Every structure is written in C-alpha cells, then in structure tokens.
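Reading the structure
Chain by chain, the residues run as shown.
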Amino acid sequence: MAIQKVMVIGAGQMGSGIAQVCAQAGYDVILNDIKQEFWDRGIGVITKNLSRDVEKGRKTEAEKEAVLNRISKSLDLRDAVDVDLVIEAATENMDIKQSIFKELDAIAPQHAILATNTSSLPITEIAAVTERPEQVIGMHFMNPVPVMKLVEVIRGLATTDEVYKEIEQMTIQLEKTPVEVNDFPGFISNRILLPMINEAIYALYEGVATKEAIDDVMKLGMNHPMGPLTLADFIGLDTCLYIMEILHDGLGDSKYRPCPLLRKYVAAGWLGRKSGRGFYVYE
Ligand SMILES: CC(=O)CC(=O)SCCNC(=O)CCNC(=O)[C@H](O)C(C)(C)COP(=O)(O)OP(=O)(O)OC[C@H]1O[C@@H](n2cnc3c(N)ncnc32)[C@H](O)[C@@H]1OP(=O)(O)O
Ligand SMILES: NC(=O)C1=CN([C@@H]2O[C@H](COP(=O)(O)OP(=O)(O)OC[C@H]3O[C@@H](n4cnc5c(N)ncnc54)[C@H](OP(=O)(O)O)[C@@H]3O)[C@@H](O)[C@H]2O)C=CC1
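Because the structure is a prediction, the values reported are computed rather than measured. (Residues numbered from 1 in each chain as written. Chains lettered and ligands numbered in written order. Predicted model: local features only at pLDDT ≥ 70, side-chain atom pairs only at ≥ 80, totals over all residues. Heavy atoms only, no water.)

For the rest of this paragraph, the subject is the site of ligand 2. Neighbouring residues of ligand 2: 26 residues in total, closest Phe38, Glu92, Lys97, Ser119 and Ile235. Taking Lys97, its side chain carries an N or O atom lying 2.8 Å from an oxygen atom of ligand 2. Protein contact buries 85% of the 900 Å² of open area that ligand 2 shows by itself. Elements with a contribution of two residues or more to the shell around ligand 2: α1 (13-24), α2 (36-55), α4 (94-107) and β6 (136-141). (Near = heavy atom within 4 Å. Polar contact = N/O pair within 3.5 Å; in protein donor to acceptor, adjacent residues only side chain to side chain. Areas by Shrake-Rupley, 256 points an atom, 1.4 Å probe, with all protein chains shown as cover. Helix = DSSP H or I, 4+ residues; strand = E, 2+ residues; numbered from the N terminus.)

Here, the residues flagged by UniProt with the feature "domain: 3-hydroxyacyl-CoA dehydrogenase C-terminal" (unreviewed entry) are residues 186-282. Annotation note: span residues 186-282, helix share 62%, strand share 0%, distance between end C-alpha atoms 28 Å. (UniProt positions renumbered as here; feature names shortened; annotations may be inferred.)

To continue, consider the side chain of Thr130. Within the element layout of this structure, Thr130 appears in the loop between α5 (123-127) and β6. At 3.2 Å, the side chain of Thr130 and the backbone nitrogen of Arg132 are in polar contact. For Thr130, the residues in contact, after removing those within four places along its chain, are Phe101, Asp105, Leu114 and Val136. (Contact = heavy atoms within 4.5 Å.)

Quick look at the packing of aromatic side chains now. One pass over the structure, following the stated rule, counts three aromatic pairs. Ring centres of Tyr265 and Trp270 lie 5.1 Å apart, and the angle between their planes is 80 degrees; this geometry places the pair in the edge-to-face category. For Trp270, a relative accessible area of 29% gives the class partly exposed. Pairwise contacts between aromatic rings join Tyr265, Trp270 and Phe279 into one cluster. (Phe/Tyr/Trp six-rings, centres within 6.5 Å; stacked < 30°, edge-to-face > 60°. Buried < 20%, exposed > 50% of the residue type's maximum accessible area, 1.4 Å probe, protein only.)

Okay, α1 next. With twelve residues, α1 ought to run about 16 Å at 1.5 Å a step, and its terminal C-alpha atoms sit 17 Å apart, in line with that. Taken together, the buried positions of α1 are Met14, Gly15, Ser16, Gly17, Ile18, Ala19, Gln20, Val21, Cys22 and Ala23. Count one or two residues on from α1 and you reach Gly26, which has phi positive near 100 degrees. (Expected span 1.5 Å × (residues − 1).)

Right under this line is the structure:
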C-alpha cells in the first residue's frame with residue numbers, strides 16, 4: 001500500500017525537519033509532541049525555514065502555505081490510528097523509544113510501518129517490543145534535515161524486503177539518497193563521526209588547544225564545514241553523550257568512553273545551541 005499519511009513523533013530539531021520535508025514532498029503529516037510549547041517551537045522552525053525559501057525565491061507564498069497546511073498538530077499518540085507510516089524522532093533513549101513503539105503498535109493500523117530516526121540505538125531492540133517487528137525499520141536523517149541529502153536506512157533482524165523497498169522509495173520521493181546500513185550501534189554515520197567529536201572534546205579537556213583552534217584545524221585543514229566542537233553544539237551535547245554511551249555499551253570497547261568534559265557539560269544543562277550554551281555561547 002502506498003504511503004500517504006505520516007506521523008512524525010517529536011517536534012525537536014530533527015522531527016520538525018522531517019515533518020517539513022515530508023509535507024514538501026506532498027505527504028499529509030501529523031506532527032506529534034508531548035507538550036503544546038514543543039509543538040509550537042517545532043512549527044515555528046518550519047515556518048522560518050519556509051519563509052527563508054520564499055525570500056530566496058525558491059518557493060512562492062502559496063507553496064509555503066500549502067506545505068504548512070499539510071502539517072497538523074497532535075499531542076496524543078492515538079492520532080496514529082489512520083496513518084500509513086510513523087517516523088519517531090523523540091529523545092535518544094531506549095526506554096522512551098520502546099514505550100512509544102509499544103503504544104504505537106496497539107494504535108497504528110495493521111499495515112502501518114513504524115520507523116525510527118534513532119542515531120545509534122539498535123533497531124532490532126526497538127522492534128522487539130512490538131507485534132510487528134517485520135514492519136519496523138531505521139530511517140536516519142541528518143541534521144539539518146532540509147539540507148542534508150543522506151538517509152541511512154537500517155533493517156532490524158526481522159524487517160522484510162517489502163518494507164525496506166517502501167522506505168527506500170519514500171526516501172527518494174523526499175529528494176534524499178538512501179544508503180543501506182546494517183544494525184550495529186551508531187550504524188556508519190555515528191560510529192565514525194562521534195568518536196571524532198569525542199576526541200576533539202578530549203583534546204580540549206587535556207589542554208592541547210583552545211576550542212577555536214581545534215575547530216579551525218578541522219575546518220581549514222580538513223575542509224569540514226563546521227569544526228567538531230561547533231558541530232557537537234549543533235547536534236546537541238545530550239545527544240552526543242547518549243550516542244557515545246550506546247557505542248561504549250553496545251560495542252564494549254574502551255575507545256568509545258565518553259569524555260568526562262562532555263558529561264560535565266550535559267550535567268550542567270549546557271546542551272549546545274538548543275539550550276543557548278555548549279562549547280560556545282549562543283544568543
Ligand atoms: C547526530 C546524527 O545522528 C547524525 C547527524 O545529523 S550528524 C550532523 C550532520 N550534519 C553536518 O555535519 C552539518 C555540517 N554543517 C554544514 O553542512 C553546514 O555548516 C550547514 C549546511 C549546516 C550550514 O551551511 P553554511 O554554508 O555554513 O551556512 P548557510 O550559508 O547559512 O547555509 C547553507 C544553506 O543551508 C540552509 N540551512 C542552514 N541551516 C539550516 C537549517 N537549520 N535548516 C534549514 N536550512 C538550513 C541555508 O538556508 C542555506 O541555503 P541556501 O544556500 O540555499 O540559501
Ligand atoms: N541532533 C541531531 O543532529 C540528530 C539527532 N537524531 C536523533 O533524532 C532524535 C531526536 O533528536 P533531536 O531532534 O536532536 O532532539 P530534540 O531534543 O531537539 O527533540 C526531541 C523532541 O522529542 C520530544 N519528546 C521526548 N519524549 C517524547 C515522547 N514520549 N513523545 C513525543 N515527543 C517526545 C522532546 O520533548 P522534551 O524537550 O520535553 O524532551 C523534544 O521536543 C534522537 O533519537 C536523535 O538521536 C538523528 C540525527 C541527527
């Protein structure tokens with residue numbers, strides 16, 4: 001069955017971007033979060049992105065309105081009752097994700113595919129709490145979603161070929177490039193990216209250089225668009241820590257131990273751009 005109606009769970013930086021690209025591609029989108037204020041923040045970001053597209057002449061005002069009109073509000077998972085696909089983008093925590101998937105499994109129609117945008121958690125373990133593990137899959141978008149072309153597509157142990165193909169096809173509809181990756185902690189993107197970021201934090205912690213110098217080396221020396229500490233702030237330091245913990249626990253190698261400085265910043269509530277302060281301070 002063709003996908004028409006999509007629920008996106010979590011109106012944070014990833015969920016709002018995913019809702020935007022789905023609505024732009026013509027899907028009917030229900031954007032869900034637990035609180036009205038988070039939903040308002042998410043739709044605010046989408047509106048800002050679309051307004052920038054209008055200013056730059058990439059969209060007309062009417063196209064912007066049409067995209068916004070395809071996104072409806074939900075503060076209750078029971079709204080998943082008639083969707084074809086759910087893309088979950090809530091906080092990176094196994095207990096939260098498993099409880100969402102368990103609930104969704106009881107609500108969503110039998111044919112519905114349940115996808116997760118997890119950046120590192122095993123898809124098979126999330127799928128195991130449902131009665132439909134063959135219809136659970138990883139659909140890992142990159143941040144900022146409207147700009148980045150990659151979607152890692154990850155099958156759980158039981159995911160069928162049919163479900164994989166449906167998600168691969170939809171990713172192309174969203175004007176993104178699907179890349180198939182096996183179900184191991186951190187997949188490919190974060191297995192490689194996060195240890196680099198963690199090492200940059202160690203370099204700062206050990207006083208090898210200032211934060212600006214570390215970022216300059218990687219920007220000017222390796223042509224990275226953002227230095228690793230700026231990128232960590234952009235991803236969210238809480239999400240970076242969750243990913244390092246999942247790599248450490250899941251792969252059991254001490255090379256993935258999170259830097260104590262990262263733990264300290266998260267404990268202080270310095271989560272990066274989204275909280276106004278991380279390695280850098282934001283307005
Ligand atoms: C943690 C995980 O699980 C996986 C991940 O996602 S890891 C993170 C992966 N992402 C990255 O590595 C991003 C690295 N950074 C970059 O690629 C770039 O710095 C960037 C695209 C974010 C910004 O690019 P820039 O050239 O420095 O800035 P800027 O000129 O403002 O933006 C470039 C374009 O992106 C758009 N853009 C920037 N930020 C955006 C956002 N948050 N949302 C939507 N569009 C955005 C801008 O509108 C601009 O578009 P046009 O050129 O068409 O007008
Ligand atoms: N940041 C990044 O660069 C990337 C992140 N990801 C993944 O995407 C997911 C979301 O990350 P990101 O958008 O950055 O995080 P954010 O913290 O920006 O957003 C998460 C949102 O989900 C909400 N939420 C938490 N629990 C629930 C729930 N039970 N039901 C509905 N909504 C809930 C949060 O509310 P509250 O604020 O109250 O907690 C918040 O609004 C994570 O799995 C992350 O690993 C994937 C690719 C890149």
